[in-house]
Amino acid sequence: MADPVMRATPALAGLVKPGRFGAVRDAPGVRISVRDDLEIASVAVRAGARDAFDARASALLSFIPKDGPVRSGNGNMSALGIGPGRWLFLRRGGQGDFAAGLAADLAPLASVSDQSDGYVSFAVGGDCARRTLAKGMPLDLHPAAFAEDDVAVTLVTHIGAVVWREDEQFHIAVFRSYVGSFWHWLSASAAEFGAGLV
Amino acid sequence: MRIVCPFCGERDGEEFATIGGAAGPRPDPNAPDALALFHAYVHLRDNPAGPHAEHWYHAQGCRRWLAVTRNTVTHEILSVVLVRP
Amino acid sequence: MSEVQPNRLPVGGLIDRAKPMSFRFDGRTLQGFAGDTLASALLANGVGLVGRSFKYHRPRGILTAGPEEPNALVELRGGARREPNSKATTVELFDGLEARSQNRFPSLAFDLLSLNALLAPFLPAGFYYKTFMWPRGAWEKLYEPAIRRAAGLGRASGEADPDAYEKAHAFCDVLVVGGGPAGLLAALTAARTGARVILCEEDFALGGRLLGDRTEVDGGCGLAWARDVEAELRSLAGVTIMGRTSVVMLHDGNSFAAVERVSDHLPVPPPFQPRQRLWKILARQAVIATGAVERPIAFGGNDRPGVMMASAVRTCLNRFGVAPGKRACVFTANDSGWSAAGDLLAAGVRVEAVIDPRVKVDAPVTAGARKAGIPTFLGSHVTGAHGGHGVRGIEVRKPDGRTERIAADLLAVSGGWNPALGLTSHLGARPLWSPQIEAFVPGKLPPNTQVAGAVRGVFALPDVLADGAAAGAAAAEAAGFRSGAVDVPAASRDATSLSACWRSPGASGKVFVDFQNDVTDGDIVLAHREGYRSVEHLKRYTTLGMGTDQGKTGALLGQALLAEAAGRSIAEAGTPIARPPQVPVAIGVLAGPHRGRDFRPVRRTAGHDWAQEQGAVFVEAGQWLRPQYFPKAGESDWLQSVSREAAGVRAGVGVCDVSTLGKIDIQGRDAGRFLDFVYVNAFSALAVGKARYGIMLREDGFVLDDGTTARLADDHYLLTTTTANAGRVMQHLEFCHQVLCPALDVQMISVTEQWAQYAVAGPHARDVLARLVDPPHDIGDAAFPYLSAAGLTVCGGVAARLFRISFSGERAYELAVPARYGDAVIRAIVAAGEPFGIVPYGTEALSVLRIEKGHVAGNELNGQTTAADLGLGRTISTKKDYVGRTLARRPALQAPGRAVLVGIKPVDRSQRLRAGAHFLAMGAPAKPDADEGHVTSVAYSPALGHWIGLGLLQRGRMRMGERIRAYDPVRNGDQLVEVCSPLFVDPEGARLRG
Amino acid sequence: MRYSAFSLFANALGGHKNWQPAWRDAAPKPAYDTVIVGGGGHGLATAYYLAKEFGLASIAVVEKGWIGSGNAGRNTTIIRSNYREPGNLPFYELAMTLWEGLEQELNYNVMVSQRGVLNLCHSDAQRDAYARRGNAMRLHGVDAELLDAAGVRRHAPFLDFDNARFPITGGLLQKRGGTARHDAVVWGYARAADGRGVDVIQNCEVVGIRQGPRGVEGVETTRGFIGARKVGLSVAGNSSRLGDMAGLRLPIESCVLQAMVTEAVKPLIPGVITFGAGHFYISQSDKGGLVFGGDIDAYNSYAQRGSLAVVEDVCEAGMALMPMLGRLRVLRNWGGLVDMTMDGSPIIDSTPVRGLYFNGGWCYGGFKATPAAGLCFAHLIARDAPHPAAAAYRLDRFATGRVIDENGLGAQPNLH
Ligand SMILES: Cc1cc2nc3c(=O)[nH]c(=O)nc-3n(C[C@H](O)[C@H](O)[C@H](O)COP(=O)(O)OP(=O)(O)OC[C@H]3O[C@@H](n4cnc5c(N)ncnc54)[C@H](O)[C@@H]3O)c2cc1C
Ligand SMILES: NC(=O)c1ccc[n+]([C@@H]2O[C@H](COP(=O)([O-])OP(=O)(O)OC[C@H]3O[C@@H](n4cnc5c(N)ncnc54)[C@H](O)[C@@H]3O)[C@@H](O)[C@H]2O)c1
Ligand SMILES: Cc1cc2nc3c(=O)[nH]c(=O)nc-3n(C[C@H](O)[C@H](O)[C@H](O)COP(=O)(O)O)c2cc1C
Ligand SMILES: [Zn+2]
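Residues numbered from 1 in each chain as written. Chains lettered and ligands numbered in written order. Predicted model: local features only at pLDDT ≥ 70, side-chain atom pairs only at ≥ 80, totals over all residues. Heavy atoms only, no water.

### Section: the overall build of chain A
1) Next: Of the regular secondary structure elements, chain A holds four helices and twelve strands.
2) Next: Against the compact-globule benchmark of 16 Å for 198 residues, chain A has a radius of gyration of 18 Å, which places it among compact chains.
3) Next: Projecting the C-alpha coordinates of chain A onto the three principal axes gives extents of approximately 55 × 50 × 30 Å.
4) Next: Residues classed as buried in chain A amount to 59% of the 198 residues present.
5) Next: Here chain A holds 19 positive side-chain charges and 21 negative ones, and the gap between their average locations is 5 Å. (Helix = DSSP H or I, 4+ residues; strand = E, 2+ residues; numbered from the N terminus. Rg over C-alpha atoms; globule rule 2.2 N^0.38 Å. Buried < 20%, exposed > 50% of the residue type's maximum accessible area, 1.4 Å probe, protein only. Lys, Arg positive; Asp, Glu negative; His and termini not counted. Charge placed at Lys NZ, Arg CZ, Asp CG, Glu CD.)

### Some points on the coordination of the zinc ion (ligand 4)
Residue and element names in this part refer to chain B.
1) Next: Every protein donor of the zinc ion (ligand 4) is listed here as Cys5 (SG), Cys8 (SG), His58 (ND1) and Cys62 (SG), and their distances to the metal cover 2.0 to 2.4 Å.
2) Next: Spacing between the donor residues of the zinc ion (ligand 4) along their common chain follows C-x2-C-x49-H-x3-C. Taken together, the residues span a long stretch of sequence, with cysteine 5 in strand E1 (residues 2-5) and cysteine 62 in the loop between strand E4 (51-57) and strand E5 (65-71) at a distance of 57 residues. Considered together, cysteine 5 and cysteine 62 belong to a single accessibility category, that of buried residues. (Donors = N, O, S within 2.8 Å, 3.2 Å for Na, K, Ca; no water.)

### As for unusual backbone geometry
Residue and element names in this part refer to chain C.
1) Next: Of the consecutive residues tryptophan 134 and proline 135, the connecting peptide bond is found in the cis state with omega at -10 degrees.
2) Next: You can see proline 135 is positioned in the loop between helix H3 (127-130) and helix H4 (138-150).
3) Next: For the bond running from proline 580 to proline 581, omega is -5 degrees, close enough to zero to count as cis.
4) Next: Relative to the assigned elements, proline 581 resides in the loop between helix H15 (570-573) and strand E31 (585-586).

### A few points about the sheet that holds strand E5 (residues 145-148) of chain D
1) Next: Spatial ordering of the open sheet is given by E31(C)-E16(D)-E12(D)-E15(D)-E14(D)-E13(D)-E4(D)-E6(D)-E5(D), a layout of nine strands whose pairing is mixed. Since the sheet does not close on itself, it has two edges, and those belong to E31 of chain C together with E5 of chain D, each with one partner.
2) Next: Bridge count between strand E13 (residues 272-274) of chain D and strand E14 (residues 281-284) of chain D: two bridges; the pairing is antiparallel. Note that in E14 of chain D the partner of isoleucine 273 of chain D across the bridge is isoleucine 282 of chain D. (Pairing = 2+ DSSP bridges.)

### Topic: the site of ligand 1
Residues and elements named next belong to chain D.
1) Next: In the vicinity of ligand 1 lie 37 residues, with Glu63, Asn71, Ala72, Thr76 and Lys368 positioned nearest.
2) Next: Within the contact set of ligand 1, an oxygen atom lies 3.1 Å away from a backbone nitrogen or oxygen of histidine 42.
3) Next: In this structure, an oxygen atom belonging to ligand 1 sits 2.8 Å away from a main-chain N or O atom of asparagine 71.
4) Next: Here ligand 1 has 990 Å² of accessible area as a free molecule, and 97% of this is covered by the chains.
5) Next: Elements supplying a minimum of two residues to the shell around ligand 1: helix H2 (41-52), strand E12 (252-262) and strand E16 (329-341).
6) Next: For the shell around ligand 1, a count of residues per class yields 16 nonpolar, 16 polar and five charged. (Near = heavy atom within 4 Å. Polar contact = N/O pair within 3.5 Å; in protein donor to acceptor, adjacent residues only side chain to side chain. Areas by Shrake-Rupley, 256 points an atom, 1.4 Å probe, with all protein chains shown as cover. Nonpolar A, V, L, I, M, F, W, Y, C, P; charged D, E, K, R; others polar.)

### Observations regarding the environment of glycine 38 of chain D
1) Next: Looking at the element boundaries, glycine 38 of chain D is found in the loop between strand E1 (31-37) and H2.
2) Next: Judged by its relative accessible area of 8%, glycine 38 of chain D falls in the buried class.

### Comments concerning helix H19 (residues 671-678) of chain C
Residues and elements named next belong to chain C.
1) Next: Most of H19 sits inside the fold, with seven of its eight residues counted as buried.
2) Next: Among all positions in H19, only Ala671, Gly672, Phe674, Leu675, Asp676, Phe677 and Val678 are buried.
3) Next: Residues of H19 that are buried make contact with strand E35 (662-667), strand E36 (691-697), strand E37 (703-713), strand E38 (716-721), helix H20 (726-740) and strand E39 (747-750). (Contact = heavy atoms within 4.5 Å.)

### Description of the site of ligand 2
Residues and elements named next belong to chain C.
1) Next: Near ligand 2 there are 27 residues, and of these Glu201, Arg209, Val247, Ala454 and Phe459 occur at the shortest range.
2) Next: Interatomic distance of 3.2 Å between a backbone N/O atom of glutamate 202 and a nitrogen atom of ligand 2.
3) Next: The backbone of valine 247 places a nitrogen or oxygen atom 2.8 Å from a nitrogen atom of ligand 2.
4) Next: Computed on the free molecule, ligand 2 has an accessible area of 850 Å², of which 93% lies beneath the protein chains in the complex.
5) Next: Contributing elements (two or more residues each) for the shell around ligand 2: helix H5 (181-192), strand E13 (245-251) and helix H11 (461-478).
6) Next: Examining the composition of the shell around ligand 2, we find that three residues originate from one element, E13, more than from any other.
7) Next: Tallied by class, the residues present in the shell around ligand 2 amount to twelve nonpolar, twelve polar and three charged.

Structure below.
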């Protein structure tokens, strides 16, 4: 939505400042960015409506969300499989009307809820990204085991998270209220490798 | 314990919550002996040493309820399916 | 340098003589080298007396060269980093290391408690079960404190551990545990197939026994071969070698726990590094190649400093370049001891005699010794080792029964080898007795696991190598990799024949089977005599094998002697189950980073920073932090602040952050029917744009949770839960849907985090909101009466949801906005409320207000109350089935005498009330059957000017006006209260509708 | 032979050659009047009191392994009577008074050590709940003190007061609570029962319960059939299996409870301390090991071992509460089978099968009950009427709704 008087507050306001931290290396072993520009909506197919839903999706969204814990999409929007017939839809840098638009497009074949403010997502890259994340993520992050576009909903050091691989980075979405504790863990885990926040 | 969630794949038992034995279908509340039926349904358990039918909830994953058959002596998991496909 | 290290050999060993290191033991400054352990460095300096035993405080030295060490326990480091019971044999030497001997007073050399030894006859196994019973009560005061002081080993620091710990996950196709010849070749063979391999070795060097033995592999020295293998492994992409890493536990699903000692070889952890790291390794296949532990023999004084395991002597000589003695004897019941004699000779140590109980020993085995002209005693036993703080001589009993004394300061002993099979028992499998090696070997193996090498009872190096290669190949194939031809290098074949010798006949003096716990052969016989005949009873009665070494060296002696006493075979007698961890593990590393404030994550609402700026005092609500109250300058205590806040709400208007309430979006054609099923009251009939209070039961008929649920559209509801129950309710609802009525078209998702939600309550609530709500939205009472719900925009376009619901009993609204605007909107609300003197209020005032209105919360929703108990019976629909309906009909849940919700006031209005007090009928004695209920919640009511409370009181509704006792002995409270309606303020609910 | 300092002295001079077995390793006879199944603390105590208090003869205790091989031999030894529910309080207080005289009763030092049990609280609501509980205790004549934060600090200065995620606001202290030497309790009762003619039969597993027209006739065992007019089940974690042999479906599920012990250290902590904001409780054994545990492994299990997740959870809570534990090492970790009921409280009752009596559902808290459970179960078996102190432990309370739910968690056993 347009945002004339109200100022949106980034979830990490006051918590993080861009730059290098941890061990001093010429190149940071871990590169972290906070993705504040994502619009997120949860989408769940209505009972018995799967076929119609697929048809509608391919017609209006020009892609059919894949089943299973994988990421599928159409370039400007993607769908993360978080359960049977359930996805988190993501769109970058929209106008705040994402969920409403999806709801309109998919009604009455799917239940849509806006989650844009519910999650904060991080992108973690660099040579030591895997070793950093291994300190809390109970997933085999080896490329063969967790490939590009794989998705997992899991528990990261006592914090629920949605994890996926996109453009050679690991993306982790956590609920907004946890973001302080999550950042505390992530930054501490990355420190030994030398890290940079962009 | 490692549980293979039909949706998420293999995960540590830590991600799941179980409420114990999977009691049969919920009794008919209008049955004449509904009280006795519900008492048994809610309170009485088989609790066998060996294969055991259980309900597990993938609380930290896909949030589906799973019907699991698990050996309570070896902890070996014999089968896992979504309760509601 | 070596002149200050009298026992250091001039050459040899895997130590770096260019890197001298100084360390302190009991205040003495000593020198060692990089590559030493504390034990080897002490021996190099001729320090033989290192500790005192548990019970008799006998002088003890260094018995082994590994984690099985029972004797050489020290307090390592100082201050908050002090580590009691550290095994000198596993402590890697570093410059500036500090260690102290423990369990002695006043000093190691002169320990008063060694007098216990004189009392030994009166302190047999379990003596304490037979006495200390009189006079009654003297146990805690007299005996126990004394026993406790005497018992225990080292002293804990008593201070918070200053170091950090980490946890990490690892995954592999093949995990190899142990980096000896078997493990090395298993890892290499598996790695060559392309499998992802992790090799864990607890030592700081790879090689296992190759480090201590002088062996030949592949035509060169065994060690060189190990280096080559290590080099190739490091060159392979899929291989991870984890040194200083002990695999300590095995759990279901091939999950191994391993502890990496990241910084224990350093004075303090380097920046950004933990002290230790807990690895949770998930292996598709595992090869356990943990080797074997050499065991002692029972004879008099077998615990004296200077009596060492033969393999430990070899490790000293060959790995550390230390001669632990000048005049050595070897007492061995198997061939490996003879190799020790060979190594002693090679190192230039005088060998006085080799004693072997076996009458016949193969010539090649004895050849070396004979050639060197060493007296060898076959068919003979060492019956005693003499000396005080160190061995001075031994007594040998020859086949003809005559004895001979031999002067010596070192006795190398080998009673045989016990496979280090701990990990194979962690899933409960019992080891099996192997007559071939006269020791226990792994029984039924864990799934997807191989064992290789000495741990399987395979002892001769060529066989060990072959075994390792085979296991590595098998594991890789089982993990789905094709292994090509496996080549096994040739190696020197140490003879390995043996015949068990448990106890030397005619042994004299104190004969120990468990060194650390001072369990003697006599204790074993006594335990048997007294009927403690199962190995498990033996263990528990004598403490055999219960020390920090878990009896890795000696326990089997005790079990053998028990079997002997019982006329059973050891196989029949069995052995106690081995439990995790394989070696003791610091509690700190099992906790990892989750300690102090990081014990559990913190959840903050979008309004947190704002509240902090207002000086809010925060309180934990589960993982959430919530403003409890907002103290203002000049307020003397919390009560004053809370009263101001509560009064402010009723007088004008207040605002409270209620974002933590659980919010569940429920959509679908059958959403209404579903809610009818999970709530006692009906929701399908609720009009769109309306909200309703609902109560949920557990299937057993007691209340689970409550909250308001609004209908946003025909097929769309928003359900709220209490903060505490949000998670459990979500699970319950998913169960009700997926398991109990899967046919319904319902989709549920938590939107708790999406919305920041603020309660604006008080007579001026609408006036405040009117300034925020964008036109044309009309929130006038006609358009937006009590229990309305609407989607609208505020503050110039922020999409919001407005609910007219009230916990306080005032005209009240809850405004929900997307969390990113939570901060801006709370500031906007306060700004808009300025003219009306809006007060921010916290959970305390929230509670005051709800108690004044008789609304129930956590203290009343305690899992033991029914809807009727809480006065909510009327909300129950009788027309439909719902969860909990049937069992709520159980007699006891319907009983007329049940404790039900009432209000209470102190009869003396100046008195304060306390939750937790029990109700007693006036004049009734303070006895159990007079107990009629309890006070659940209390508050000082600014509206009424005195304390009020809610309580659960038997037959309460019939007792309005009655005076009863609120009995609170734990706070010396006993007061009269008057029973009244729980609706203290505005019973008609006029203020609610404005 | 009586145990005493004197007999110890006398035997020492005789080289300890004259000690007798603490209990005979009896072989099963064809039949007994009463057979108790289960050689744990409860079974042995039951047999002892049957003989001593109710004058019964011809009693056998049959144990599938070695006596104490179940939970009696693996529990964290805490004894307390700091309960809240009227159904529980009289019973556990009876147990506490029996503990206080047990050494003399059994002529065996079971090392009852009343060094206090402190339950910490971390919020006002929790404090009020403890006040409610403490007041209930006092109403029943049980000692209870409510401490504020300062009081806790005095009692246990080493707790984390300054850097805690869940600050300590106070605690409920029962000074008479403490610990007892678990194995000694088993051996002491076995010896005392044996002394009164009870046959303690080890390595004898009950595999069936024979019933006739007039009720039970005896038990089938791995050592043959043993006839009995009355059979008492006291098998803790195996309750459902034994119940099944008699056609009973019980309100019980078996889970694993783990515990840990550290290497022995010099005296470090007083009595028992329980965390209120995480799963952790701890005490120190006479030998010096810190004995601690936390929550159960919340799934059905008959394996005496648990999961790493619970071990981590317990140690995290331990470090959150006592950061001084960091460098102390866990020496051993084990598990036992706990018989969890639908309300977290036990059952001592007769069954629909005539002559068959049931004692079980002790969850993770039946060690402290041992003397009273024995006495009350014996009373039930001998008199066919519940002991007044155990009158609430009825099998039918779930049907009637008269549940004893200390924590208000409802009919999900693994929550209690
Ligand atoms: C780790 C742990 C910690 C605990 N901590 C405490 C604590 O601190 N305080 C406390 O009060 N309680 C505690 N408990 C609970 C307590 O130990 C038990 O509730 C109590 O011991 C049960 O009574 P029991 O001693 O008779 O059971 P058990 O000792 O288990 O006795 C049952 C016996 O029945 C035998 N048996 C089973 N089946 C058969 C069969 N078919 N035939 C013959 N015999 C059979 C078993 O072998 C066993 O010996 C703990 C439990 C565990 C596991
Ligand atoms: N002559 C004899 O009678 C005799 C008897 C026994 C062994 N040996 C010799 O011992 C060697 C046996 O080879 P092997 O490879 O089977 O055993 P090994 O003892 O050589 O190697 C075992 C390795 O595993 C490591 N280890 C043990 N437990 C561990 C754990 N939990 N985590 C991580 N690492 C752990 C040890 O530190 C050691 O380095 C051969 O050289 C053999 O000749 C000889
Ligand atoms: C109070 C208590 C103290 C213990 N102390 C020790 C100890 O000092 N050393 C030890 O090895 N085990 C100790 N244990 C654990 C036992 O060795 C054993 O593991 C436990 O009783 C379970 O039996 P199990 O491992 O044979 O199944 C202790 C157990 C308890 C209950
Ligand atoms: Zn899942």
